[in-house]
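# Geometric and topological summary
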Amino acid sequence: MTNNQYVEEILQLIETISESAKVKIEDLKKYLGDTEIDDILKQLIEDETILIDSTNNISLTVKGKKEASEIIRRHRLAERLLFDVLDVKNEEKAEKQACDFEHILDKEVTDNICTLLGHPKFCPDGKPIPPGECCSQGRKHISRIVSPLSALSVGEKGKIAYMLSGEHQRLDRLFSMGLLPGTTVRIHQKTPSLVICFEETTLAMDDEIAHDIFVRKI
């Protein structure tokens, strides 16, 4: 772990612990187990992101809370991406990957992920995801970049971004019919049954299947 990543981990940990209890240096050492933590805390004080009072309670400054909030936002959005889009169900693996993502995502990519996911308010564990600028903008101008195929209206087109079915047989069937990520589909009709057109094919499908196919509207 780089020094910057270590700093981000500590800020995130202070913010998380402080939601329910006072934060002591011993708490950080218990979680992070690094004898160099005193040097990192000294750096955070110099950066004006934390304060340590006379009883060794640690708190975040306004600047520190802002940075911690951004780190937590990246982590929890990464969890949603792994859980919802990439279908990673192993919690330990998802947590480790989210920890890696939180250190490499910049603001633009983070906002794009947030918009892609429809500006989620909670992570898979039910913890709140701090909102970003894209959330307020999104509420005013767009709902989400990717939506279920079933959300399109008759005549509208979308390019398949991904499919989420947990049934491999269903996915294999869709693939065998030529429905692959990148395929452009058009809604031909929605009642009495959903009918789509793509390439030279016209296909009727159940609404349940259409909910598994996510498209970027074009």
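Scoring rules and cut-offs
- The numbering scheme is per chain: residues are counted from 1 as the chain's sequence reads.
- Totals for whole chains, interfaces and linings use all residues, but because this is a predicted model, local features are given only for residues with pLDDT of at least 70 and pairs of side-chain atoms are given and counted only at 80 or more.
- Excluded from the side-chain calculations are hydrogens and water; all other atoms, namely the structure's heavy atoms, are used.
- Note on conventions: DSSP H or I runs of at least 4 residues are helices, E runs of at least 2 residues are strands, and numbering of each starts at the N terminus.
- Only protein chains enter the accessibility calculation, which uses a 1.4 Å probe. A residue is then buried if its area is under 20% of the maximum for its type, exposed if over 50%, and partly exposed in between.
- In these notes, a set of buried Ala, Val, Leu, Ile, Met, Phe, Trp, Tyr and Cys residues joined through side-chain atoms within 4.5 Å is what counts as a nonpolar core.
- Residues are treated as being in contact if the distance between any of their heavy atoms lies within 4.5 Å.
- Pairing between strands requires that DSSP locate at least two bridges from one strand to the other.
- In this analysis an axis means a line fitted to C-alpha atoms, helices contributing only their contacting stretch, and an angle means the value between N-to-C directions, from 0 to 180 degrees.
- The directions from the helix axis to the C-beta atoms are what the arc is built from.
- Small angles under 35 degrees read as roughly parallel and large ones over 145 as roughly antiparallel, with 65 to 115 read as roughly perpendicular and the rest as oblique.
- Here the nonpolar group is Ala, Val, Leu, Ile, Met, Phe, Trp, Tyr, Cys and Pro; Asp, Glu, Lys and Arg are the charged ones; every other residue, Gly included, is treated as polar.
- Definition used for salt bridges: Asp or Glu carboxyl oxygen within 4 Å of a side-chain nitrogen of Lys or Arg.

Its location among the elements puts D47 in the loop between α3 (37–46) and β2 (50–52). The class for D47 is partly exposed, based on a relative accessible area of 31%. Between the C-alpha atoms of D47 and L203, which are 156 residues apart in sequence, the distance is 60 Å.

A separate point is the nonpolar core. Of all hydrophobic cores here, the largest spans 19 residues; its most connected members are I10, L28 and L41. Elements with a contribution of two residues or more to this core: α1 (3–18), α2 (25–32), α3, β3 (57–60) and α4 (62–85). Per-element tally for this core: the top contributor is α1, with seven residues. Look past the residues within four positions of L28 in its chain and what remains in contact with it is I10, L13, I14, I17, V23, G33, I37, L41 and I58. Judged by nonpolar contacts, the second largest core, of 18 residues, contains L194, I209, I213 and V215.

Our focus in this paragraph is the sheet that holds strand β8 (residues 201–205). Read across the sheet, six strands follow the order β4-β9-β5-β6-β7-β8 without closing on themselves; strand pairing throughout is antiparallel. Where the open sheet ends on each side, the last strands, each with one partner, are β4 (146–148) and β8. The sheet shows a mean angle of 45° between the axes of neighbouring strands, taken without regard to direction. When strand β5 (residues 157–163) meets strand β6 (residues 184–189), the two strands line up antiparallel, connected through three bridges. In the strand pairing of β6, K159 is matched with T184.

Quick look at the side chain of R73 now. In this fold, R73 is placed in helix α4. Given the relative accessible area of 6%, R73 is considered buried. Apart from residues no more than four positions distant in its own chain, R73 is found in contact with T110, D111, C114, I129, P130, P131, G132, C134 and C135.

Structurally, the α-helix is built with 3.6 residues per turn, so residues lying three or four positions apart point the same way. Listing the buried residues of helix α8 (residues 168–176) in full gives R170, L171 and L174. Buried residues along α8 cover an arc of 100° about the axis, so they all sit on one side. Facing away from the buried side of α8 by more than 90 degrees, the exposed set consists of H168, Q169, R173 and S176. Looking at the buried residues of α8, the elements they touch are β5, α9 (207–212) and β9 (213–217).

Two numbers describe how α1 lies on α4: the axes approach to 9 Å, and their chain directions differ by 95°. The angle between α1 and α4 places the two elements in the roughly perpendicular class. Across the interface between the two elements, E8, L11, Q12, E15 and T16 of α1 pack against K65, E67, A68, I71, I72, R74 and H75 of α4. The class makeup of the residues in the contact of α1 with α4 is four nonpolar, three polar and five charged.

Scanning all chains against the criterion turns up eight salt bridges. Its salt-bridge partner being E8, residue R74 comes within 3.4 Å of it at the nearest N-O pair. Note that R74 is positioned in helix α4 and E8 in helix α1, a separation of 66 residues in sequence. Exposure remark for R74: the relative accessible area of 12% places this residue in the buried category.

When a strand is regular, its side chains alternate between the sheet's two faces. Two elements, strand β7 (residues 194–198) and β8, share five bridges in a ladder whose sense is antiparallel. Directly across from I196, in β8, lies its bridge partner L203. What sits between β7 and β8 in their antiparallel hairpin is a turn of two residues, with E199 showing a positive phi close to 50°.

Put simply, T191 and P192 share a cis peptide bond, and its omega is 0°. On the secondary structure map, P192 appears in the loop between β6 and β7. Phi at N56 takes a positive value of approximately 65°, unusual for a residue other than glycine. Following the sequence through the fold, N56 ends up in the loop between β2 and β3. In this model, E199 sits at a positive phi of 50°, which is unusual for a non-glycine residue. Along the chain, E199 turns up in the loop between β7 and β8. Relative accessible area serves as the criterion here: at 66%, E199 is assigned to the exposed category.

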